[in-house]
Amino acid sequence: MEINRRELKARARQAMAAAQPGFRRVTLLFLLLTSGVSMVVSALAPTDADALYGGDFLGLFLGLLVLLYTVVMSIGYKNWSLRVYRGREAGYGSLIDGFSMAGRVLLMEVLIFLRVFGWALLLSIPVGIVMVGAQSMEGMALSALVGYGAMYILLTVIMYRYALAPYLLLDRPELGPGAAVRDSVVLMKGWKWELFKLDLSFLGWYLLNALLGAAVYLAVLVPTLLPMLQQGITPQLVLTIWSGSVLAMVLSTLVQLPLDLWLQPYYEVSRAGFYQARQELEGAKAPPLFQEDTPW
């Protein structure tokens, strides 16, 4: 059995068109509250590994805080998407509904991470054995390339097992994050390929947006740098590279923004539609949900 992707995506577009407030305004607010906040915090203090090497534990703390905040906000955006697909009221407040169950959201993400990490450790054993048994550096490099490539594919498949956990937690938070994770495994059994095909159908749009951004970035930066590179590395060149990169990044983001404000809600509402379709199919067959699953 398959889910009709064209019909699902058409219904998603119809639901987006009927959403009040408009999906572009809600998505813009979401981006400002997530990516915008992250950029501001990063500008105020380093929040990556450089902060650890520099002894800036405040930066690391802020980085972790922003990460947890973004995870909860992302659940809020999924909540908005699911409400839009179902034709329910979905205002700006839907974006912060995740904070009412932030502990459950974060625990769910930890459970998913531990399961995926456990599989990663398990899969890395045969890859390591093959690499150790290689007769040459070339053989080791080839073994690593093939092994880690296969490992990446398998981990992607495994991650699809938990793709519906956020929606299940939103629908039935009282059952807890563990039940949402286990039930996602049940719902996705035999349906990973269908969800992958749905995700793949958006690839062209994402590539187009990435190419637009890259083209603008290079168009702004390259003409400025080429004459200066011929003069050698100077403090003025470093300053020009930095200022030119910032300008190019800002212009690239602005060019990508119109498509982002349509593409991101389209993708998320369609994914919510996939969850709704699976719920309807399973409801018709009355499956034994929340059954015990394997440890991973």
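Small disclaimer: the values here were computed from a predicted structure and weren't measured.

K.L.:
Outline the overall build of the protein, supporting the account with residue identities and numerical values.
P.N.:
The secondary structure content of the protein amounts to 11 helices and 0 strands. Looking at the protein as a whole, 39% of its 296 residues qualify as buried. In the protein, once contacts between residues fewer than 6 apart in sequence are set aside, the share between residues at least 24 apart is 78%. Counting every atom, the protein has about 16800 Å² of accessible surface; 69% of that belongs to carbon and sulfur.

K.L.:
How would you explain the environment of Val-41 if you had to name every residue and give the values?
P.N.:
Position of Val-41 among the secondary structure elements: in helix H2 (residues 23-44). On the basis of relative accessibility, which here comes to 16%, the residue Val-41 falls in the buried class. Placed 25 residues apart in sequence, Val-41 and Val-66 show a C-alpha to C-alpha distance of 8.1 Å.

K.L.:
I'd like a rundown of the pattern of salt bridges, residues and numbers included.
P.N.:
By the definition in use, this model includes 6 salt bridges. When the shortest N-O distance is used, the salt bridge between Arg-86 and Asp-171 registers 2.8 Å. In this pair, Arg-86 is assigned in the loop between helix H4 (57-85) and helix H5 (102-132) and Asp-171 in helix H7 (residues 165-171), connecting sequence segments 85 residues apart. Here Arg-86 falls in the partly exposed class, since its relative accessible area comes to 23%.

K.L.:
Tell me what's going on with the side chain of Glu-194, and back it up with residues and numbers.
P.N.:
As for its placement among the helices and strands, Glu-194 is situated in helix H9 (residues 192-200). Residue classification places Glu-194 among the buried positions, given a relative accessible area of 7%. Contact partners of Glu-194, with chain neighbours within four places excluded, come to Glu-2, Ile-3, Arg-5 and Phe-274.

K.L.:
Just give me the short version of helix H8 (residues 176-188), but keep the residues and values in it.
P.N.:
Relative to the 18 Å expected for 13 residues at 1.5 Å per residue, H8 spans 19 Å between its end C-alpha atoms, a close match to the ideal helical length. The buried fraction of H8 is high, at 11 of 13 residues. Listing the buried residues of H8 in full gives Gly-176, Pro-177, Ala-179, Ala-180, Val-181, Asp-183, Ser-184, Val-185, Val-186, Leu-187 and Met-188. Immediately downstream of H8, the backbone of Gly-190 shows phi near 85 degrees, a positive value.

K.L.:
Mind laying out the environment of Val-37, listing which residues take part and the relevant values?
P.N.:
Tracing the chain through its elements places Val-37 in helix H2. Take Val-37: its relative accessible area is 28%, and that puts it in the partly exposed class. With 33 residues separating them in the primary sequence, Val-37 and Thr-70 have C-alpha atoms 9.2 Å apart. For Val-37, the residues in contact, after removing those within four places along its chain, are Leu-32 and Tyr-69.

K.L.:
Can you tell me about the packing of aromatic side chains, naming the residues and giving the values?
P.N.:
Across all of its chains, the model carries 12 aromatic pairs by this definition. Ring geometry for Phe-30 versus Tyr-77: centroids 4.4 Å apart, planes at 20 degrees, classification stacked. One end of the pair, Phe-30, is in helix H2; the other, Tyr-77, is in helix H4, and 47 residues separate them in sequence. Each member of the pair, Phe-30 as well as Tyr-77, carries the same accessibility label: buried. A relative accessible area of 1% means that Tyr-77 is categorised as buried. Clustering of aromatic rings is evident, with ring pairs tying together Phe-202, Trp-205, Tyr-206, Trp-262, Tyr-266 and Tyr-267. Across the ring face of Phe-202, the terminal group of Lys-9 is positioned such that the distance to the ring centre comes to 4.5 Å.

K.L.:
Outline the environment of Tyr-167, supporting the account with residue identities and numerical values.
P.N.:
Along the chain, the position of Tyr-167 falls in helix H7. With relative accessibility at 1%, the residue Tyr-167 sits in the buried group. For the pair formed by Tyr-167 and Ser-184, sequence separation is 17 residues and the distance between their alpha carbons is 9.0 Å. When sequence neighbours within four positions are dropped, the list of residues in contact with Tyr-167 reads Lys-78, Leu-82, Glu-268, Arg-271, Ala-272 and Tyr-275.

K.L.:
Give me the side chain of Lys-78: which residues, what numbers.
P.N.:
Its place among the elements puts Lys-78 in helix H4. Lys-78 sits in the buried class, given a relative accessible area of 16%. Sequence-distant contacts of Lys-78, that is, excluding residues within four places in its chain, are made with Pro-166, Tyr-167, Leu-170 and Glu-268.

K.L.:
Could you give an account of the packing of helix H1 (residues 5-18) against H9, with specific residues and numbers?
P.N.:
Close contact between H1 and H9 brings their axes to 11 Å; oriented N to C, the two are set at 55 degrees. With respect to each other, H1 and H9 are oriented oblique. The hand of the H1/H9 crossing is right-handed. Residues Arg-5, Leu-8 and Lys-9 of H1 form the contact with H9, whose own contacting residues are Glu-194, Lys-197 and Leu-198.

Reading the values: rules and limits
Residues numbered from 1 in each chain as written. Predicted model: local features only at pLDDT ≥ 70, side-chain atom pairs only at ≥ 80, totals over all residues. Heavy atoms only, no water. Helix = DSSP H or I, 4+ residues; strand = E, 2+ residues; numbered from the N terminus. Buried < 20%, exposed > 50% of the residue type's maximum accessible area, 1.4 Å probe, protein only. Contact = heavy atoms within 4.5 Å. Areas by Shrake-Rupley, 256 points an atom, 1.4 Å probe, with all protein chains shown as cover. Salt bridge = Lys/Arg side-chain N within 4 Å of Asp/Glu carboxyl O. Expected span 1.5 Å × (residues − 1). Phe/Tyr/Trp six-rings, centres within 6.5 Å; stacked < 30°, edge-to-face > 60°. Lys NZ or Arg CZ within 6 Å of the ring centre and 35° of its normal. Axes fitted to C-alpha atoms, helices over the stretch in contact; angles between N-to-C directions. Parallel < 35°, antiparallel > 145°, perpendicular 65-115°, else oblique. Left-handed = near helix turned anticlockwise from the far one by under 90°.

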